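If you want the building blocks of each chain, they are given just below.
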There are 2 protein chains.
Amino acid sequence: MGINWINSTELSSFNKLVGLKDQVVLKEVMSGENGAERVRNYSAPMAGGLAYNYAAKQVDDAVIDALADFASEAQLLEKYEALYNGEMINTGEKRLVLHQLTRGQLGEDVIADGVNKREFYAGVQADVAEFAKKVHAGEITNGAGEKFTTAVQIGIGGSDLGPRAMYLALENWAKAEGLFKMRAEFISNVDPDDASAVLNGIDVEHALFILVSKSGTTLETLTNEAFVKNALKSAGLDPSKHMIAVTSQTSPLAASDEYMAAFFMDDYIGGRYSSTSAVGGAVLSLAFGPEVFERFLAGAAEADALAKTPDIRQNAALLDALIGVYERNALGYGATAVLPYSQALSRFPAHLQQLDMESNGKSVNRFGEPIDYVTGPIIFGEPGTNGQHSFYQLLHQGTDIIPLQFVGFSDSQIGNDVDIQGSTSQQKLGANVAAQIVAFACGKDDENLNKKFDGGRPSSIIIGKQLTPEALGSLLAHFENKVMFQGFAWNLNSFDQEGVQLGKVLAKRVLAHETDGALAVYSELLGI
Amino acid sequence: MGINWINSTELSSFNKLVGLKDQVVLKEVMSGENGAERVRNYSAPMAGGLAYNYAAKQVDDAVIDALADFASEAQLLEKYEALYNGEMINTGEKRLVLHQLTRGQLGEDVIADGVNKREFYAGVQADVAEFAKKVHAGEITNGAGEKFTTAVQIGIGGSDLGPRAMYLALENWAKAEGLFKMRAEFISNVDPDDASAVLNGIDVEHALFILVSKSGTTLETLTNEAFVKNALKSAGLDPSKHMIAVTSQTSPLAASDEYMAAFFMDDYIGGRYSSTSAVGGAVLSLAFGPEVFERFLAGAAEADALAKTPDIRQNAALLDALIGVYERNALGYGATAVLPYSQALSRFPAHLQQLDMESNGKSVNRFGEPIDYVTGPIIFGEPGTNGQHSFYQLLHQGTDIIPLQFVGFSDSQIGNDVDIQGSTSQQKLGANVAAQIVAFACGKDDENLNKKFDGGRPSSIIIGKQLTPEALGSLLAHFENKVMFQGFAWNLNSFDQEGVQLGKVLAKRVLAHETDGALAVYSELLGI
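Here the structure is a predicted model, which is why all the values come from computation and not from measurement. (Residues numbered from 1 in each chain as written. Chains lettered and ligands numbered in written order. Predicted model: local features only at pLDDT ≥ 70, side-chain atom pairs only at ≥ 80, totals over all residues. Heavy atoms only, no water.)

J.: Quick one: what's the story with the overall build of chain A, residue by residue and with numbers?
T.: The secondary structure content of chain A amounts to 18 helices and 15 strands. The C-alpha radius of gyration of chain A comes to 24 Å, within 12% of the 24 Å expected for a compact globule of 528 residues. Expressed along its principal axes, the backbone C-alpha trace of chain A runs to roughly 70 × 60 × 55 Å. Buried residues in chain A amount to 66% of all 528 residues. Contacts spanning at least 24 positions in sequence make up 74% of the contacts within chain A whose residues lie at least 6 apart. Accessible surface, chain A as shown: approximately 16,500 Å² in total, 46% of it carbon and sulfur. In chain A, 41 positive and 65 negative side-chain charges are present, and the distance between their average locations comes to 2 Å. (Helix = DSSP H or I, 4+ residues; strand = E, 2+ residues; numbered from the N terminus. Rg over C-alpha atoms; globule rule 2.2 N^0.38 Å. Buried < 20%, exposed > 50% of the residue type's maximum accessible area, 1.4 Å probe, protein only. Contact = heavy atoms within 4.5 Å. Areas by Shrake-Rupley, 256 points an atom, 1.4 Å probe, with all protein chains shown as cover. Lys, Arg positive; Asp, Glu negative; His and termini not counted. Charge placed at Lys NZ, Arg CZ, Asp CG, Glu CD.)

J.: Break down the environment of valine 438 of chain A for me, citing the residues and quoting the values.
T.: Looking at the secondary structure, you find valine 438 of chain A in helix α15 (residues 425-442). Given the relative accessible area of 11%, valine 438 of chain A is considered buried. Non-local contacts of valine 438 of chain A, meaning those with residues more than four positions away in its chain, are made with Gly443 of chain A together with Leu506, Ala518, Leu519 and Tyr522 of chain B.

J.: Explain the nonpolar core residue by residue, including any values.
T.: Counting 323 residues, the largest nonpolar core has Phe380 and Tyr522 of chain A together with Phe380 and Tyr522 of chain B as the members making the most contacts within it. Non-local contacts of phenylalanine 380 of chain A, meaning those with residues more than four positions away in its chain, are made with Ala335, Thr336, Ala337, Val338, Gln353, Phe391, Leu395 and Ile402 of chain A together with Gln353, Met357, Ile378 and Phe380 of chain B. (Core = buried A, V, L, I, M, F, W, Y, C linked by side-chain atoms within 4.5 Å.)

J.: Lay out the relation of the copies chain A and chain B in plain terms, naming residues and giving numbers.
T.: Rotating chain A by 180° about the axis while translating it 0.0 Å along that axis superimposes it on chain B, leaving an RMSD of 0.0 Å. Taken together, the rotation and translation describe the operation of a two-fold axis. By C-alpha distance to the rotation axis, the residue of chain A lying nearest is phenylalanine 380 of chain A, at 3.2 Å. With an isologous cut-off of 70% or more, the 100% of interface residues of chain A that recur at the interface of chain B puts this contact in the isologous class. (Least-squares fit on C-alpha atoms with pLDDT ≥ 70 in both.)

J.: Got a sec to walk through the packing of helix α7 (residues 161-177) of chain B against helix α13 (residues 348-360) of chain B? Specific residues and values, please.
T.: Residues and elements named next belong to chain B. At a minimum axis distance of 8 Å, the contact between α7 and α13 shows a crossing angle of 155°. In terms of axis orientation, α7 runs roughly antiparallel to α13. As for the relative orientation of α7 and α13, their crossing is left-handed in sense. Note on element contacts: α13 touches α7 through Phe348, Ala350, His351 and Gln354, opposite Leu161, Gly162, Ala165 and Met166. (Axes fitted to C-alpha atoms, helices over the stretch in contact; angles between N-to-C directions. Parallel < 35°, antiparallel > 145°, perpendicular 65-115°, else oblique. Left-handed = near helix turned anticlockwise from the far one by under 90°.)

J.: How would you explain the sheet that holds strand β10 (residues 335-341) of chain A if you had to name every residue and give the values?
T.: All names here are of chain A. Strand order in this open sheet of six strands is β1-β2-β15-β12-β10-β11, and the pairing throughout is mixed. Every interior strand has two partners, whereas the edge strands, β1 (43-45) and β11 (378-380), have only one. Pairwise comparison of adjacent strand axes, ignoring direction, gives a mean angle of 20° for this sheet. Taken together, the six bridges between strand β12 (residues 404-409) and strand β15 (residues 459-464) define a ladder with parallel strand orientation. The residue of β15 that forms the bridge with valine 407 is isoleucine 462. (Pairing = 2+ DSSP bridges.)

J.: Summarise helix α6 (residues 117-136) of chain B; cite the residues concerned and give the values.
T.: Residues and elements named next belong to chain B. Taking 1.5 Å of rise per residue, the 20 residues of α6 would be expected to cover 28 Å, and the 28 Å separating its terminal C-alpha atoms lies within 8% of that figure. If you check which residues of α6 are buried, you get Lys117, Phe120, Tyr121, Val124, Gln125, Val128, Ala129, Phe131, Ala132, Val135 and His136. Residue asparagine 116 occupies the N-cap position of α6, its side-chain oxygen lying 3.0 Å from the main-chain nitrogen of arginine 118. Note on α6: the residue one or two positions beyond its end, glycine 138, has a positive phi of about 75°. (Expected span 1.5 Å × (residues − 1). Polar contact = N/O pair within 3.5 Å; in protein donor to acceptor, adjacent residues only side chain to side chain.)

J.: So what about the packing of helix α5 (residues 76-84) of chain B against helix α16 (residues 469-490) of chain B? Which residues, and what values?
T.: Residues and elements named next belong to chain B. Running from N to C, α5 and α16 cross one another at 115°; their axes reach a closest spacing of 10 Å. When the interaxial angle is binned, α5 and α16 end up roughly perpendicular. Our pair here, α5 against α16, has a crossing hand that is right-handed. Residue-level inspection shows Leu76, Leu77, Lys79, Tyr80 and Leu83 of α5 in contact with α16, the latter providing Asn481, Met484, Phe485, Phe488 and Ala489. Residues that form the contact of α5 with α16 fall into these classes: eight nonpolar, one polar and one charged. (Nonpolar A, V, L, I, M, F, W, Y, C, P; charged D, E, K, R; others polar.)

J.: I'd like a description of the interface of chain A and chain B, backed by residues and values.
T.: Interface size is commonly expressed as the accessible surface area that is lost when the partners come together. With 132 residues of chain A at the contact, the number on the chain B side is 132 residues. For the pair chain A and chain B, the summed buried surface comes to about 10,900 Å²; carbon and sulfur atoms form 64% of the total. The three residues of chain A that bury the most area against chain B are His389, Tyr522 and Leu526 of chain A, which together make up 7% of that side's buried surface. Summed over the shared surface of chain A and chain B, the number is six salt bridges. One salt bridge connects arginine 347 of chain B with glutamate 382 of chain A, and the closest N-O pair in it is separated by 2.9 Å. Linking chain A with chain B are 44 residue pairs in polar contact (both at pLDDT 80 or more). Ranked by residues supplied to the side of chain A that touches chain B, first place goes to α15 of chain A with 15 residues. (Buried area = accessible area lost by both parts, 1.4 Å probe. Salt bridge = Lys/Arg side-chain N within 4 Å of Asp/Glu carboxyl O.)

J.: Break down unusual backbone geometry for me, citing the residues and quoting the values.
T.: Omega for the peptide link from glycine 384 of chain A to threonine 385 of chain A comes to 5°, which places this bond in the cis form. Look at aspartate 22 of chain A: it is not a glycine, yet its phi comes out positive at around 50°. You can see aspartate 22 of chain A is positioned in the loop between α1 (12-19) and α2 (26-29). With a phi angle near 55°, lysine 94 of chain B is a residue other than glycine that sits in the positive phi range. On the secondary structure map, lysine 94 of chain B appears in the loop between α5 and β3 (111-112). Lysine 94 of chain B sits in the exposed class, given a relative accessible area of 63%.

J.: Tell me about the pairing of strand β8 (residues 243-248) of chain A, and please be specific about residues and values.
T.: All names here are of chain A. With six of six residues buried, β8 lies mostly within the body of the structure. In this structure, strand β7 (residues 207-212) lies alongside β8, joined through four bridges in parallel fashion. Looking across to β8, one finds that valine 212 is bridged to valine 246. As for the winding sense of the linkage, the β-α-β connection from β7 through helix α9 (residues 219-234) to β8 is right-handed. Of the strand pairs in this sheet, β8 and strand β9 (residues 262-265) are connected by four bridges, and their pairing is parallel. Bridge pairing in β9 links serine 248 to methionine 265. (Right-handed = clockwise from strand over helix to strand, strands pointing away.)

What follows is the structure, given as structure tokens:
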């Protein structure tokens, strides 16, 4: 059977789904023993020992059956298969989409540019691992023969957000496990104060800089590279003894002798999907050692394999994706809040914000034709319990309903804790997320309407024992696959980002002083 | 004339405003010489040398006149006057709202609890200043008589987000100006890994902890206090020689001898409005010296005074507020993205997220009666240019329109820069924000719809020369006053937060193991 790339509204299963409103009154289904039963049953396994619990979503068996029908009619699993077998899925840029191959082999061998791509990515990973080990062993050193102590990633967008979020997610875990090798820092913004502040805060003499740009032409990154090279020279250091590159083989950086080494990615890995390639691999392997990075990849690979599961109730990524479509297109919700109850995941919402909004924030289908339904939602979030003392007021009692994605773990990473008022901090953290789910779903009546909670505010939670490298890889790939399935469902190309181009063009015009009208006046007001 | 607290939809000027749709086609009004003229004219002065430019908002003189009529009929300036003259504005909690008095005297003397409140706050500020100077001079030391080198704020919500955002906003500026006194760190989350990681990263022996809790009963904060005290004792240190408190005079912390000093706030200063009280004052005065904190207060005080201006075109806070109401209630937009082109403002969006969403994310009016219009939007954001390489795709080409709030400065804070391809990094930063405004407003046609930009996406920009303490105080107070005016416009009580209570109650029940149904199963799954 061939694959039919078709707009959602042309599928009867989609239109049926969109008609299924007011199917579930959360307050009712989540009450009493039925509610308990629902929490026990509405759970799908995830990789890395996690589980996706969707009891507090506005779905029931009828809705899930409708989601399954839609998954089937829209051929979502077949499209995934086409993707990992190397079909040209990125229609806008005419590219394959191969980020899953950086962590495993899901289907047939994919041969492109004359090479087996799985072997290519695995080879790069082995090169990165070897390099990192030599740095840790003091075999690769700075110009004075001294060990590097800090890795500094220079990149923006996907070369920054994902790797930074992953680093922060594992930093304390690695320290607690005795696996921490090197501190990492990140320079991303073209704001000169970003690079200055990072450089002022490190020991430049023992810093290894990782320049990350697929094209080798990203203006912010090249500017920050020049900034760093200036600082190295000012300190009497040779930049070429302090810098490696992660780039594509065709980039101007690839063959330059200005870098100690170059590690390759390619056009088949989008920036926001690149945490498991050398883009994340170099900095994470340097920070925590290649073995930790391998465990992270193993979690992601397991998640990718699970996403092939035909039964939607056992396929967390597919289920999460389609519940999101139901919330967006049937229930009309415009945003999702990502709320990890784990300080280590402090920047995970910022990564998901890019992943989701840059992939599916689109108004044309994969053929560049207009569509007549809403697509990707706003994604935002902060860690709990912090968010509870901030924007949760609106989530509980505001005039719009915003679906919530919680994440929670039984165990902390560091393991240091105190018992206050009969419970540990980790127990308080878990108690809070459990309480929030039920508060949002069930609400509370009160004669004073100011103290009344309507409830009916849907959430899901991903639960695990501890945020380990495997669990983190699972989380990362879960959301990558969720976003991919949603893109398929909406018939989008989730792998280009034409929406970022116009700003670049106009900024260049400003810098060349080739402006008129409003742009000229804004430039003047900003002192350019 | 008495003040009439009345729902928006009962005012003819509001209903007229809501009817004014499709009034302005941004693409047209922002084109050519008319666009240039618009950028020159649609600007309102702000304190601290800033300006609020609203040329790229979907307003024209007719809309602004309608906003002015609404401001007048809704008596927004009279309500502001009532607030600063000490009327009981926080109807839910029956409290005055006096945060403006922490930085100046706007109207009549306010006498409450038997004291002149301006004198009270000014007195606390003087006490904080004296304490900070003694710490800097080595007159107040740790138990061993050594100088403190790090200040660590323990607080959550408003005791964390605002002060943290302000600290980060001025850290590099203070270093560049030679005014940096002490590093500051923040512990907020009840996640034990948050406190552990901060403690692992500092020299505890020379750390001064600032415990911030108005009530003295915030569970997260007391838990983290115990965590820190344990760590101090383990290091052989006396916690009472390392800790000060910022709290209310009636709190259990106020008279405790477990603190070196206690500085007071009161019930008339909401957490999210407390950055200019001792809540922000202690940590900022320790970090940068009391003179810098005073300059910050002066910027805020000037902004408060400007917010009294009757002409809406000269009153940036009022104008910004009402354009927001127009966007929310007439144009139907559900979110606003805050996009500072300044790495120093990296956490300013998180502060605004609390300020706005916790103040106006409500579905009942100030009397606890239901309302029939939407209120506060979602607030989210990240610094540019980082956001450009992340979620801007959706902002440009997504299916929903999201109004944007830019912030930009001509000069960096540190002043270190490089010239690459004919421009400095700071110029590139400014060029990008100018370009984005025009790209969002005007779009670009293209036969390939994937590369087409519809435009018509509204934004405003706050422009300044440099992010100084005065400019930061101005920014902070501008948004406080904007949110206040919006609350008045929607007839809300912007100063309580009943929406956070239910979660607290249920979490306590979990920790006491007094749960059944869904809550019991979630607790079990989370290992509690």
